[in-house]
Amino acid sequence: LRGIRFMQLTYNNQSLIAGGCFEPNDSGVSRFGYSVIEEMNRLGMIVDLSHAGKKSCLDAIHFSKKPVAISHANPIFIFYMIHSYLLLFGIYHSR
């Protein structure tokens, strides 16, 4: 296979696609970003959420029809993001 198979939605700062992890107010995935994710799914590209903000990550996880990846990140951030996601959807109950 040739071509791009893996792409980040943002790199730390706000992009046209999503909010970055350094933004004080994470805007989430934009309307354009949803189109990008849909096309990435269609092409079989992996949606990489590294450097994206929490809301952007959760938006992308919820919207993507295919699994997403966080190829590199601060492990504690991943723990809290997944924990928040599980609580949000009632999959995990805090003690």
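The structure we're discussing is the one just above.
Residues numbered from 1 in each chain as written. Predicted model: local features only at pLDDT ≥ 70, side-chain atom pairs only at ≥ 80, totals over all residues. Heavy atoms only, no water.

Engineer: I'd like a rundown of the overall build of the protein, residues and numbers included.
Structural biologist: Helix and strand content of the protein: 3 helices and 2 strands. When the helices and strands of the protein are listed from N to C terminus, the series reads β-α-β-α-α. The buried share of the protein, taken over its 95 residues, is 32%. Long-range pairs, those at least 24 residues apart, make up 49% of the contacts in the protein with a sequence separation of at least 6. For the protein, the accessible surface area stands at approximately 6400 Å², while carbon and sulfur atoms represent 61% of it. (Helix = DSSP H or I, 4+ residues; strand = E, 2+ residues; numbered from the N terminus. Buried < 20%, exposed > 50% of the residue type's maximum accessible area, 1.4 Å probe, protein only. Contact = heavy atoms within 4.5 Å. Areas by Shrake-Rupley, 256 points an atom, 1.4 Å probe, with all protein chains shown as cover.)

Engineer: Can you explain the environment of Pro67? Please cite residues and give values.
Structural biologist: Residue position: Pro67 is located in the loop between helix H2 (54-63) and helix H3 (75-88). Residue classification places Pro67 among the exposed residues on the basis of a relative accessible area of 74%. Residues Pro67 and Ile46, spaced 21 residues apart in sequence, show a C-alpha to C-alpha distance of 7.6 Å.

Engineer: A description of unusual backbone geometry should follow, citing residues and the corresponding values.
Structural biologist: Here Asn12, not a glycine, exhibits a phi torsion of approximately 70 degrees, which is positive. Tracing the backbone through its elements, the reader meets Asn12 in the loop between strand S1 (6-8) and helix H1 (31-43). Positioned with a positive phi, His51 is a non-glycine residue whose angle comes to about 75 degrees. Structurally, His51 can be placed in the loop between strand S2 (46-48) and H2.

Engineer: Residue-level account of the state of the cysteines, with values.
Structural biologist: Inspection of every chain in the model, using the stated rule, returns 0 disulfides. Unpaired in terms of disulfides, Cys21 finds its nearest cysteine sulfur in Cys57, a separation of 8.6 Å. (Disulfide = S-S within 2.5 Å.)

Engineer: Residue-level account of the side chain of Asp59, with values.
Structural biologist: On the secondary structure map, Asp59 appears in helix H2. Taking relative accessible area as the criterion, Asp59 reaches 16% and is therefore assigned buried. Not counting the four nearest positions on each side in its chain, Asp59 is found in contact with Gly28, Val29 and Tyr34.

Engineer: With reference to specific residues and values, describe the nonpolar core.
Structural biologist: Formed by 15 residues in total, the largest nonpolar core has its most connected members in Leu9, Ile37, Met40, Val47, Leu49 and Ala60. Contributions of two or more residues to this core are made by H1 and H2. In contact with Val47, not counting residues within four places along its chain, are Met7, Leu9, Ile37, Met40, Asn41, Val68 and Ala69. (Core = buried A, V, L, I, M, F, W, Y, C linked by side-chain atoms within 4.5 Å.)

Engineer: Before we move on, could you go through the pattern of salt bridges and cite the residues and values that matter?
Structural biologist: As enumerated under the stated definition, the model contains 2 salt bridges in all. The closest approach of N and O atoms between Lys55 and Asp59, which form a salt bridge, is 3.3 Å. Of this pair, Lys55 and Asp59 both sit in helix H2, 4 residues apart, roughly one helical turn. (Salt bridge = Lys/Arg side-chain N within 4 Å of Asp/Glu carboxyl O.)

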